[in-house]
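Notes for the structure review
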Amino acid sequence: MHEILHLINEMSPYLLLGFLLAGIMHVFLPQKYYGRFLGRHNFKSVVNAALFGIPLPLCSCGVIPTAMSLRKEGASKGATVSFLIATPQTGVDSIIATYSLMGIPFAIIRPIAALVTSLFGGAIVNLSDKDSPAEAEHVQCECVSESKKSFLSRCVDVLKYAYVEMMGDIGKWLVIGLFIAGLITILVPDGWFTIFQGNTLASMLLVLAIAMPMYVCATGSIPIAVALMMKGLTPGAALVLLMAGPACNFASMIVVRKVLGMKTTLVYMLSIVIGAIGFGCLIDYLQFTGSIDFLSHLSAEQRCCHEPSSWFAWTCTAALALFLINALVISKFKNNRADKTPTKMTEQIYHIEGMNCNHCRMSAEKALQSVEGVTSASVDLASKEAHVEGTASKEALAKAISDIGFTLI
């Protein structure tokens, strides 16, 4: 328990800063310009997609509707795949958290690995796919323009997105990651992974087999990787977990196959596997030759793990706990009470399959609101229900939801 509290105290100041920066990016970064730079069927669009995606704090489920929207707005398949690979592996929040627990070398190599892997996958898709990019669909939204909001109102939106919506998306997986790290610390014998000493590839394949099917966010994977390294896992194999865990899971693979096709899905998966193993081997080689010490920060953490944390760290931990309680408990309770309010007779209620986070919910709402004949549409993440008013047909609504990778029932 002491080790877990120490991990949380080390991460909490950086996590709070990372969430804040993510909120600033979400509110002030003009997302409507993304499609303009990703539409050409060339390598430049692949590079732009990767550079757009790396700092964005989107998990592997939240990135799916965003990527499908980019595709619908005219992004090429290669740019879409590049965005899909780069975005969930890292983000401004996870980069800062990686630095706090794993040191500068890991914090630098992680976005570089995401960049190279996404460029490789996107370039291969563009070479193998001769289809022209999808036609852009410029939909006029009746929502209030972000540019017309006051600066103070947008600052409030930053805090709401950072510490309510995003905390609700990532918070659960962060808690799960810390819990798993605690179990590893307690149950796995020290030096257990040394059984793979001399066979680094075997440990990487084992980590891949575990990491690829499961869902874990870029930030939530950090304490798990640290706990495994403390038990003897090599730094390279830990990087495999940090890359493959957030970027690939069954849900994302199914949606990519549905929207982009089987060939593109295979390139997407192979790019992640090859990139993870390649960079993992590079890290272990640099560690073995002494060129870069990826374990120095971990050793320092182990040496000071029994030193009392500062009052600032404890304050940040308390604030993080309050935000998590609000996002995971209080907000959910409020939503459940709201669900019990009577439904207007003019509303149609549908169920949407495939949503896992607030990014999914917002993408579904925008898709429904863009359908001709819809006067208002709201989506609840907890119940997976969509409340739609207007004259739009179910077929039109189902197509709009299918275009972003979800299913309307």
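Just so it is clear, the model here is predicted, and its values are computed rather than measured.

**Considering the environment of I176**
Tracing the backbone through its elements, the reader meets I176 in helix α8 (residues 151-187). Taking the C-alpha atoms as reference points, I176 and G220, 44 residues apart in sequence, are found 7.3 Å from one another.

**Description of the packing of aromatic side chains**
Within the structure shown, the criterion is met by 3 aromatic pairs. A centroid spacing of 5.4 Å and a plane angle of 70° characterise the contact between F106 and F294, whose relative ring orientation is edge-to-face. Linking F106 in helix α7 (residues 104-128) with F294 in the loop between α13 (262-289) and α14 (296-303), this pair joins segments that are 188 residues apart in sequence. Judged by relative accessible area, which is 3%, F294 ranks as buried.

**Thoughts on the sheet that holds strand β2 (residues 374-380)**
In space, the 4 strands of this open sheet follow the order β2-β3-β1-β4, with antiparallel pairing throughout. Each end of this open sheet is capped by a strand with a single partner; those strands are β2 and β4 (407-408). Pairing of strand β1 (residues 347-353) with strand β3 (residues 385-390), which is carried by 5 bridges, proceeds in the antiparallel orientation. Its bridge partner lying in β3, H351 is registered against E385. Against the sheet, helix α16 (residues 358-369) makes contact with β1, β2 and β3, and its axis sits at roughly 165° relative to β2, the strand it touches most.

**With respect to unusual backbone geometry**
Notably, K384 is not glycine yet its phi reads approximately 65°, a positive angle. Tracing the chain through its elements places K384 in the loop between β2 and β3.

**With respect to the pairing of β2**
Across 6 bridges, the pairing between β2 and β3 is antiparallel. Each residue of the ladder has a partner; that of S376, found in β3, is E389. Linking β2 to β3, which pair antiparallel, is a turn of 4 residues; within it K384 sits at a positive phi near 65°.

Rules behind the numbers
Residues numbered from 1 in each chain as written. Predicted model: local features only at pLDDT ≥ 70, side-chain atom pairs only at ≥ 80, totals over all residues. Heavy atoms only, no water. Helix = DSSP H or I, 4+ residues; strand = E, 2+ residues; numbered from the N terminus. Phe/Tyr/Trp six-rings, centres within 6.5 Å; stacked < 30°, edge-to-face > 60°. Buried < 20%, exposed > 50% of the residue type's maximum accessible area, 1.4 Å probe, protein only. Pairing = 2+ DSSP bridges. Contact = heavy atoms within 4.5 Å. Axes fitted to C-alpha atoms, helices over the stretch in contact; angles between N-to-C directions.

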